[in-house]
Every structure is written in C-alpha cells, then in structure tokens.
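Analysis of the macromolecular model
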Amino acid sequence: MKIEKYTVGPLDTNCYRVVCGSTGESVLIDPGGIPRELFGRNVELNLKAVLLTHGHFDHVGGAARIRELTAAPVLIHELDAPLLSDPEMNGSALFGPDIVLIRPDVLLKGGERIEFGECALTVVHTPGHTNGGISLLAENERRVFVGDILFRLSVGRWDLPGGDYRTLVNTLNTVFIPMPDATVVYPGHGDETTIGFERKHNEFLRG
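Structural notes, computed from the coordinates. (Residues numbered from 1 in each chain as written. Predicted model: local features only at pLDDT ≥ 70, side-chain atom pairs only at ≥ 80, totals over all residues. Heavy atoms only, no water.)

This next bit is on unusual backbone geometry. Of note in this structure, N46 is not a glycine but carries a positive phi near 50°. As for its placement among the helices and strands, N46 is situated in the loop between α1 (36-39) and β4 (47-51). (Helix = DSSP H or I, 4+ residues; strand = E, 2+ residues; numbered from the N terminus.)

The subject of this paragraph is the pattern of salt bridges. As enumerated under the stated definition, the model contains eleven salt bridges in all. The partner of R113 in a salt bridge is E115, with the nearest N and O atoms 3.7 Å apart. For D159, the salt bridge identified is with R157, shortest N-O distance 2.9 Å. Judged by its relative accessible area of 53%, D159 is exposed. Given a relative accessible area of 45%, R157 falls into the partly exposed group. (Salt bridge = Lys/Arg side-chain N within 4 Å of Asp/Glu carboxyl O. Buried < 20%, exposed > 50% of the residue type's maximum accessible area, 1.4 Å probe, protein only.)

Moving on: the sheet that holds β4. Strand order in the open sheet formed by six strands is β1-β2-β3-β4-β5-β6, and the pairing between neighbours is mixed. With one partner strand each, in any of the chains shown, β1 (2-8) and β6 (106-108) form the two edges of the open sheet. Recorded for the sheet is a direction-independent mean angle of 25° between the axes of neighbouring strands. One ladder, built from three bridges, connects strand β5 (residues 74-77) with β6; its direction is parallel. Counterpart to H77 in the pairing with β6 is L108. Helix-sheet contacts for helix α3 (residues 63-70) involve β3 (26-29), β4 and β5, and the interaxial angle to β4 is about 170°. (Pairing = 2+ DSSP bridges. Axes fitted to C-alpha atoms, helices over the stretch in contact; angles between N-to-C directions. Contact = heavy atoms within 4.5 Å.)

Shown next, in the form of structure tokens:
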C-alpha cells in the first residue's frame, strides 16, 4: 500500500491517494480541492472511489469535479450525507470561497470494506466532530485515516453542526485508544502521528 499526500483547498486539507502496490488501483480520501500535482500529471489514476471522512466543505470541495474526471463514485456516511446539500451545514456558505453542493453515490453505515486491488480499507464510524464522521482503517498495515476527529496533540472541533464533545471523547476511548501503539494516524490537517505518541502526549487521549 502506497500513500500519497496532497495539500488542497482553502484550509490546507490533507488529501490522500492510497494505491495498491500490486495492481495500481487507488482510492482518494478527502479531496477538499483538486490535487493539481496529481491531475496535472499524465498518469493512470485507476481511481475506484472518492472517500469522504465527513461532510465539511474543506474535505469535499473537489469531489464532484474529480467524479466527473474519473467516474469514481463518491462515498460518505449516511449521517453526513445531508451536509453535502446544505451550504450552511457544510460550512461553505460561512467560510468557503465557493458554495459546495454534492450528491453522493454511496451511503455508508460503518463496517464496510472498501477494496481496491489487493488492498482494503475498513470504514469505522467515528462521530464527534460530525454525526457521520468516519475513519478508514488499514488494519493489517496499522494505518488509519481519521479526518478531523484526531490530530497530532489535539482533536477536532465539536462546536460545529453535528459536533458533540461527549460523543468525541467516547469515540477516542472506544476506537482509538485500543489501537496498537504503532498505528500511524493520517489526519485531515497537519502532520502524521501515531496512536502511541498521542496516548502519551495528547491530553484528550490521556484522560
């Protein structure tokens, strides 16, 4: 599994392309804009899905255009799907340079396996930042893409529509704290980290 990271959109969102090393098939996570470095190259993306960890504009702003370019379906948790059609809920009416409106192709519930080539990501429902936030876990490789619920030495906001502090803390306690220390965390903004580092140094994971 190969991971490419691109910084996109008005809030410098981390967009990840995850590629199966054996087949070249890939998925794209959180395209808050168009990764020009990727779509400006003459490469075969072989893109199987566009995966949205949640419905905020800075994570979904490029999804519709990428679907047009690649025919890859857009997937989001069913509880966050309403954000894609509501500019106030997804934040684009308040904070974004453009209004963001998207119709998803597939609604997730949690527990699904997104397969691409010989690789797979498991959908884990991780609410707290939004109602329908998800993380994408490559369990065998101890990697997890978490959107905005967990950052290096911090966590995501819970004061936006759909956010809830108690729910966020419960997600941290039940989903992330039990993960192995070596699990690499790929957040929606900022630098990668590990569960072990966060368990030792992040006040939200230390209780």
